[in-house]
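# Observations on the model geometry
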Amino acid sequence: MSAVPDGKKLVRSPSGLRMVPENGAFNSPFSLSEPQWVPDKECPRCMQCDTKFDFIRRKHHCRRCGRCFCDKCCSRKVALPRMCFVDPVRQCAECSLVSQKESEFYDRQLRVLLGGGTFVVTLGTSEKSETMTSRLSNNHRYLFLDGESHFEVELSRISSMQILTDGTSPGGATSRPTGMLLHYRPMGSQEAQQLRMEAADDKKVASLWLAAMHKAAKLLYEARDQ
Ligand SMILES: [Zn+2]
Ligand SMILES: [Zn+2]
């Protein structure tokens, strides 16, 4: 275990080397914990193709689901940023597909979220609104909203998120996101607060940012259900 400058540390698990925050309280809300590995004695056969394990056909555990497979069914090494692995790790066919899709989120949407977008923000049922830049914090834990005033919303305190669209695309075509309605519980408060964000001047960037937020929400719910 060795400390590195930005509050992260390297830890070695049976599955590989991981780079995690020094303080577990600062884990990314998108992160998943490592699965329990199915014990060797409970899997005499590959859980995919049913090949019997022996001296030659060795067992391999999928790093994402912890199930036990032969080499053929668990040979792909795929990046798994949600478990903080430094290098690509061995995964079964099913898991590697999911992880590949998530890589797209990490490579593209996450960058869009960190970059930010400009919105007209209304808190609660207030008549007053303010033009603010909204971006995800570097540790992914907060939405920072900056304008004349500043406030932040902790992602773990969001109870519902609704993406608003322009609704001009009948016939099932994907309509463009134009805003977002959030409900969250501010720190130290029992009551849910409503936050409405509508795309401001640069609608294209705002629209990309909202689409990215929509993907982020799916990952968040998965991580919570774990
Ligand atoms: Zn197999
Ligand atoms: Zn798997």
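Residues numbered from 1 in each chain as written. Chains lettered and ligands numbered in written order. Predicted model: local features only at pLDDT ≥ 70, side-chain atom pairs only at ≥ 80, totals over all residues. Heavy atoms only, no water.

The protein chain goes by FYVE-type domain-containing protein in an unreviewed UniProt entry, where it is assigned to Salarias fasciatus.

Most often, soluble globular proteins keep nonpolar side chains buried together rather than apart. In this structure, Phe30, Leu143, Met180, Leu195 and Trp209 are the most contacted members of the largest nonpolar core, which totals 31 residues. At nine residues, helix H2 (residues 203–225) tops the list of elements feeding residues into this core. Looking at which domains feed residues into this core, each of domain 1 (2–22 + 30–110) and domain 2 (116–225) gives three or more. Ignoring any residue separated from it by four or fewer positions in sequence, one finds Trp209 in contact with Val112, Leu113, Gly116, Gly117, Phe119, Ser134, Arg135, Leu143, Met180 and Met197. Listed in part, the twelve residues of the second largest apolar core include Cys43, Cys46, Phe53 and Cys92. (Core = buried A, V, L, I, M, F, W, Y, C linked by side-chain atoms within 4.5 Å. Buried < 20%, exposed > 50% of the residue type's maximum accessible area, 1.4 Å probe, protein only. Helix = DSSP H or I, 4+ residues; strand = E, 2+ residues; numbered from the N terminus. Domains from an automatic or database assignment. Contact = heavy atoms within 4.5 Å.)

There is about 460 Å³ of room inside the largest pocket. Lining the largest pocket are 21 residues, with Lys8, Met19, Ser28, Cys84 and His140 sitting closest to its centre. Broken down by element, the residue count for the lining of the largest pocket peaks at three residues, all from strand S3 (residues 16–21). Taken together, the residues of the lining of the largest pocket sort by class into ten nonpolar, eight polar and three charged. If you trace the second largest pocket, you find it lined by Val98, Lys101, Glu102, Glu104, Phe105, Lys215, Lys218, Leu219 and Glu222. Within the residue set of the lining of the second largest pocket, elements represented by two or more residues are helix H1 (93–115) and H2. For the lining of the second largest pocket, the element with the highest residue contribution is H1, accounting for five residues. Looking at the lining of the second largest pocket residue by residue, the class counts come to three nonpolar, no polar and six charged. Two domains share the lining of the second largest pocket, each providing at least three of its residues, namely domain 1 (2–22 + 30–110) and domain 2 (116–225). (1 Å grid on protein atoms, 1.4 Å probe; cavity = no way out; pocket = protein on both sides within 12 Å on 5 of 7 lines; lining within 4 Å. Points joined across faces, edges and corners; volume = space filled by probe spheres on them. Nonpolar A, V, L, I, M, F, W, Y, C, P; charged D, E, K, R; others polar.)

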